[in-house]
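Commentary on secondary and tertiary structure
Chain by chain, the residues run as shown.
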Amino acid sequence: MTLRGIIGVLRWLVGVAAAAAVVMLFTLRGGTSQSDTPDAHLIADGAEVYAQHCQICHGSDGLGGTGPALSGSVAERFPDPSEQKAVILVGRSAMPEFGTRLDDHQIEAVIEFTRYGF
Amino acid sequence: MAETSTTTDKPVGTALLVGLSTAVSLGLYASIHQPTGRALSTIGFTSTITMKNWLTTTALLLLLVQGVMSIRAQGTLFTAHPQSTRQNDVHQLIGTVAFALTLPVVFHCVWSLGYQTPTLRVGLHSAAGCAVYGAWAATALMPWHDQERRWIRPTVGAVLAGAFVTTWWSGALWYFTSVSWSI
Ligand code: HEM
């Protein structure tokens, strides 16, 4: 096949894929988990992680101690959860990094807990 | 993108119009669609985020290859007139592959996250992401040669490149440098 032929086929395939993506965008439902809808299971897991790893500094009610209060304020400070995740993963001044100590699920869970669980 | 209602050259006008409406409808849909917060598939990567980061970065590298080839062949970037049809073909081949790589990425951006503006970075990302697709639609439909307005195609190409770099920087590079490089 010539280069032009290959490009023609490829463009056709990619066009179909793009059309499929558009159709999926309109038709696929996301199920229940919504970014702004707290997930109860995740919060429960997060409470455990929090008690084990964060409470000493941020307080049992999230009202602060060595570290700042998190209760009620994190969702405002970090409208974007991935920025909150960044702080937890890599740390910041006296806040230790947890990226090496917690797995992805534990981190997602503790974020959910600090945002919606106190 | 420039207004083109006065254009006499139909294909160029149509291409720009399609591009503009692509960008606007993508943005509108991303704003009104209820974000699902979910991933459909991470095609082997450890998470949606890492999949998006690496696919985007690969696509950016392909666009860089296009740029380097264009500089080597013509000494310029974004020229409307490639010197050979072969060069034109290779450009299209690479562009098509890069476009394909971005499809799963943008699908998850729009379906899962939506148009968000909590910070300047994320707002820029959403807007630039829409502009990428608008410019892409326009370049794909636009004739290579427009005798009267040689600047149109290069301009759309430059918008595409600029928007793509912005999208990559505010999505992938930010994540790489402030969170992690994991795959
Ligand atoms: C060329 C098109 C696009 C590419 C290559 C792209 C790429 C990326 C990448 C690599 C990320 C980082 C991974 C992540 O946080 O999930 C990201 C995040 C994101 N994208 Fe896109 N994106 C594109 C278009 C869009 C569009 C059109 C929108 C919405 C209108 C959008 C909205 C978002 C949002 C809200 C985030 C999360 C940002 C954050 O919280 O840090 N993206 N995108």
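Use the structure listed above.
To start, this report covers the structure provided alongside it.

Rules used throughout
Residues numbered from 1 in each chain as written. Chains lettered and ligands numbered in written order. Predicted model: local features only at pLDDT ≥ 70, side-chain atom pairs only at ≥ 80, totals over all residues. Heavy atoms only, no water. Helix = DSSP H or I, 4+ residues; strand = E, 2+ residues; numbered from the N terminus. Buried < 20%, exposed > 50% of the residue type's maximum accessible area, 1.4 Å probe, protein only. Contact = heavy atoms within 4.5 Å. Areas by Shrake-Rupley, 256 points an atom, 1.4 Å probe, with all protein chains shown as cover. Near = heavy atom within 4 Å. Polar contact = N/O pair within 3.5 Å; in protein donor to acceptor, adjacent residues only side chain to side chain. Nonpolar A, V, L, I, M, F, W, Y, C, P; charged D, E, K, R; others polar. Buried area = accessible area lost by both parts, 1.4 Å probe. Salt bridge = Lys/Arg side-chain N within 4 Å of Asp/Glu carboxyl O.

A separate point is the overall build of chain B. A count of helices and strands for chain B gives five helices and zero strands. Beginning at the N terminus, the succession of helices and strands in chain B can be written as α-α-α-α-α. The proportion of buried residues among the 183 residues of chain B is 50%. For chain B, restricting intrachain contacts to residue pairs at least 6 apart in sequence, the fraction spanning at least 24 positions comes to 75%. Accessible surface for chain B amounts to roughly 8,900 Å². Of this, 68% is attributable to carbon and sulfur atoms.

Once that is clear, we can look at the site of the ligand. The local shell around the ligand holds 27 residues, among which Asp80(A), Lys52(B), Cys109(B), Arg121(B) and His125(B) are the closest. Site remark: the ligand is flanked by residues from chains A and B. The contact in question runs from an oxygen atom of the ligand to an N or O atom on the side chain of Lys52(B), over 2.9 Å. Contact between the ligand and Arg121(B): an oxygen atom at 3.0 Å from a side-chain N or O atom of the residue. Listing elements by their share of the shell around the ligand, those giving two or more residues are helix H1 (10-32), helix H2 (48-74), helix H3 (85-113), helix H4 (120-141) and helix H5 (152-178) of chain B. Counting residues per element, the shell around the ligand draws most heavily on H4(B), which supplies eight residues. Broken down by class, the residue content of the shell around the ligand amounts to 14 nonpolar, ten polar and three charged.

Across the boundary between the two partners, chain A contributes 28 residues, which contact 30 residues of chain B. Each partner contributes to the roughly 2,500 Å² buried at the junction of chain A and chain B, and carbon and sulfur atoms together form 67% of this total. Summed over the three residues of chain A that lose the most area to chain B, namely Leu3(A), Arg11(A) and Leu25(A), the buried surface amounts to 23% of that side. In this structure, the connection of chain A to chain B is made through two salt bridges. For the pair chain A and chain B, the interface holds five residue pairs in polar contact (both at pLDDT 80 or more). Of all the secondary-structure elements, those providing two or more residues to the side of chain A that touches chain B are helix H1 (3-27) and helix H5 (81-90) of chain A. With 13 residues, H1(A) is the largest single contributor of residues to the side of chain A that touches chain B. Its residues placed into classes, the side of chain A that touches chain B shows 16 nonpolar, six polar and six charged.

Residue and element names in this part refer to chain A. Here aspartate 103 is to be found in the loop between H5 and helix H6 (104-116). Placed 14 residues apart in sequence, aspartate 103 and leucine 89 show a C-alpha to C-alpha distance of 9.9 Å. A polar side-chain atom of aspartate 103 sits 2.8 Å from the main-chain amide nitrogen of glutamine 106.

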